[in-house]
Amino acid sequence: MALVTLKDVTIGFGGPLLLDGANWQIERGERICLIGRNGTGKSTLLRLIHGERSPDSGMITKIQGLKTSLLPQEVPIDLDGTVYDIVSSGQPHQQIRTVISRMGLDEAAVFATLSAGLKRRVLLARALVSEPDIIMLDEPTNHLDINAIVWMEQFLLRSGKTMIFVTHDRAFLNRVCTLIVELDRGILTSFDGNYDDYLTRKQELLENEASRNAEFDKHLQHEEIWLRQGIKARRTRNEGRVRALMKMRAEVEQRRARSGNLRLIMQEAERSGKLVIEANNITITHGDHPLITDFSTTVVRGDKIGVMGPNGCGKTTLLRILLGELEPDSGSVRHGTRLQVAYFDQLRGQLDESKTLQENVTDEGDMVTVNGKRRHVIGYLRDFLFSAAQARAPIATLSGGERNRLLLARLFTRPSNMLVLDEPTNDLDAESLELLESMLIEYTGTVLLASHDRTFLNNVATSTLVFEGSGRVNEYMGGYDDWLHQRLPTEEAPPEPKPKKEKPRSVSTGPRRLTFKEQREREELPDIIEKLETQKQDLFNVLADPELYRNAGTKIAEMRARLDELEQELERAYDRWEHLEELALKADGQSIV
């Protein structure tokens, strides 16, 4: 029996309907990724299922006693108290401390003082502590670094919860989801398989839709010509044909065209010199903590360099030093000739909340110049999927993804031969991300890109600068996956010398590094866990089939025994992976978030 059923559900807020007679069933054990363009209504759909909103029409039915929890996209600004206060929400529960401990949180820490990543983890703990039947996560990876995202993947897979999540992180999507559901023009469509399978099938559906519409329009045009012939069309025996034509007209009027594609056109400046940036022996500290130690690099024209590392490690500081906005404690930075920089700020500080979209893009007037051509700002903003009404409205009404699109629109009016992008992928839908990737790949200038999006780094970066603890920043060729393969394995720890009898041996209290064998085991365990999870789910599905019990006989007991074995194997594998992950992070002096 489905946990939740949507039947002919409709909801809208004055514009095109977000849900237009939508139907959907949510089954127990599914891990559903809800995808769709920014502004299509994904967050609204989650709130409908959670019970925060009611549909305009249609019915949402749930099994009796169903519990749901929702992790919102944005961290609420009115949350006060300690981590324990937030997680418990004022209602003591025996598992509160277990969940807090499992997530590596300090229950006495004041929520307001935490990083964005830790705040997201606290809200996830609050969502889980009520032991919901369905957990809903709206952009759960936002503001998390790669270590935290990988941790969350493992945590969610291990939880066994039915879940619905919205994410722009394609690596996270492929790792966690068992089903993709797309919200497009008010309709929900399910797709089995991974994200690449979805893209293939979606393209086929769009091509079939275009073909059907073309045939329909051709037939409509033929009937319109017939009607204009005059009196013949008005004879009694043709009244049915006229009524059919009127129905066709109404169908075309009600047809919802898919919104246009985002158009990203860079305004490139004159080429810079071959040398773009040369940094020598850069060192900078924060208090007693070294952020960057003795770092040197050379950036040449056309490089597309990713910057990776935990939250708070100093990625933005490194970008500002390389741009000359911040002086290092020691070392030097030299810039090449004819450098024109466009800078994407992850905090969106370049946007003025008191102004409209139009005013944020153009300093004055209503025209912008792009690649030497004058354009009206309203038409330019349409390329970024903003309507004329939106263009004249305050930016306070925009979602996170829409704000990022607006910042890109502002950025691309400035001629540049060097792009510096600090977390540009947060909140963008997957389709917009792919278009941004394509533009950056074709961009002939230089790119510095700080991101936690593994797929984005794989597709764009020609090399990566990686913060690897204690102020060390190392350079690797390629993107995230290339870094995983290139990083040096931890050497086997040398055998400890036997202590001399007359002198007691001192014992190191510092964290040890993983051995080579442990490092290999740490890298292989996620794949092993995924295979075990798949076997477990397949066997569970077989046992859930009523037909099995009519003729399976003694095989049922064997299957149940194997299911128990898989549960135990998974428990051991998860415990071992978490142990090795904790050792590795302690050795590198990093926190999980």
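See the structure printed just above.
Residues numbered from 1 in each chain as written. Predicted model: local features only at pLDDT ≥ 70, side-chain atom pairs only at ≥ 80, totals over all residues. Heavy atoms only, no water.

Undergrad: What am I meant to see in the overall build of the chain here?
TA: In terms of regular secondary structure, the chain is built from 19 helices and 20 strands. Counting only residues that meet the buried cut, the chain has 47% of its 593 residues in that class. Nonlocal contacts in the chain, meaning residues at least 24 apart in sequence, comprise 68% of its contacts between residues at least 6 apart. Summing over all exposed atoms, the chain offers an accessible surface of approximately 30,300 Å²; the carbon and sulfur share of this is 49%. (Helix = DSSP H or I, 4+ residues; strand = E, 2+ residues; numbered from the N terminus. Buried < 20%, exposed > 50% of the residue type's maximum accessible area, 1.4 Å probe, protein only. Contact = heavy atoms within 4.5 Å. Areas by Shrake-Rupley, 256 points an atom, 1.4 Å probe, with all protein chains shown as cover.)

Undergrad: I keep staring at the pattern of salt bridges and nothing clicks. Help me out?
TA: It is possible for side chains of opposite charge to pair when their charged atoms get near one another. For the structure on display, the rule yields 14 salt bridges. The salt bridge involving Glu-182 is made with Lys-202; its shortest N-O contact spans 2.7 Å. Here Glu-182, found in strand S8 (residues 179–184), pairs with Lys-202, found in helix H7 (residues 195–227); they are 20 residues apart in sequence, far enough to count as distant. Classification of Glu-182 by relative accessible area gives buried; the value is 3%. The closest approach of N and O atoms between Glu-565 and Arg-562, which form a salt bridge, is 3.2 Å. With Glu-565 and Arg-562 both in helix H19 (residues 555–587) and three residues apart, this pair spans about one turn of that helix. Assessed through its relative accessible area of 42%, Glu-565 is described here as partly exposed. A relative accessible area of 29% places Arg-562 in the partly exposed class. (Salt bridge = Lys/Arg side-chain N within 4 Å of Asp/Glu carboxyl O.)

Undergrad: Is there a simple way to think about unusual backbone geometry in this case?
TA: A negative phi angle is the norm for most residues apart from glycine, just as the trans form is the norm for most peptide bonds. Phi at Glu-139 takes a positive value of approximately 50 degrees, unusual for a residue other than glycine. In this fold, Glu-139 is placed in the loop between strand S6 (134–138) and helix H5 (146–159). We note that Leu-385 has phi near 70 degrees; this positive angle belongs to a residue other than glycine. Assignment of secondary structure puts Leu-385 in the loop between helix H11 (377–382) and helix H12 (388–391).

Undergrad: Looking at this model, I keep getting lost on the nonpolar core. Mind explaining?
TA: Residues Leu-381, Leu-406, Phe-412, Leu-419 and Leu-440 are the most contacted members of the largest nonpolar core, which totals 56 residues. Among the elements that make up this core, the one with the highest residue count is H19 (eight residues). Residues contacting Leu-381, with those up to four places away along its chain left out, are Leu-357, Gln-358, Val-361, Phe-386, Ala-391, Leu-406 and Ala-409. Judged by nonpolar contacts, the second largest core, of 43 residues, contains Val-87, Leu-124, Val-129 and Ala-430. (Core = buried A, V, L, I, M, F, W, Y, C linked by side-chain atoms within 4.5 Å.)

Undergrad: I would appreciate a short explanation of the pairing of strand S10 (residues 275–286) in the present structure.
TA: Successive residues of a regular strand alternate their side chains across the two faces of the sheet. The pairing of S10 with strand S11 (residues 289–300) spans eight bridges and is classified as antiparallel. Bridge assignment links Ile-277 to a residue of S11, and that residue is Val-299. Connecting S10 to the next strand, S11, in antiparallel fashion are two residues, including Gly-287 with a positive phi near 65 degrees. Of the strand pairs in this sheet, S10 and strand S13 (residues 330–335) are connected by five bridges, and their pairing is antiparallel. Counted as the bridge partner of Thr-283 is Ser-330 from S13. (Pairing = 2+ DSSP bridges.)

Undergrad: Is there a simple way to think about the sheet that holds S10 in this case?
TA: Where strands meet in a sheet, backbone hydrogen bonds hold them as pairs that are either parallel or antiparallel. Within the open sheet, the three strands sit side by side as S11-S10-S13. Their pairing is antiparallel. The two strands at the open ends of the sheet, each matched to only one other strand, are S11 and S13. Taken over all neighbouring pairs, the strand axes of this sheet differ in orientation by 15 degrees on average, direction set aside. The sheet strands contacting helix H9 (residues 315–323) are S10, S11 and S13, and the helix crosses S10 at an angle near 130 degrees. (Axes fitted to C-alpha atoms, helices over the stretch in contact; angles between N-to-C directions.)

Undergrad: What am I meant to see in the side chain of Thr-362 here?
TA: Its place among the elements puts Thr-362 in the loop between helix H10 (357–361) and strand S15 (367–370). A distance of 3.3 Å separates the side chain of Thr-362 from the backbone oxygen of Met-367, its partner in a polar contact. Excluding residues that lie within four positions of it along the chain, Thr-362 makes contacts with Met-367, Val-368 and Val-377. (Polar contact = N/O pair within 3.5 Å; in protein donor to acceptor, adjacent residues only side chain to side chain.)

These results come straight from atomic positions and should not be treated as a statement about function.
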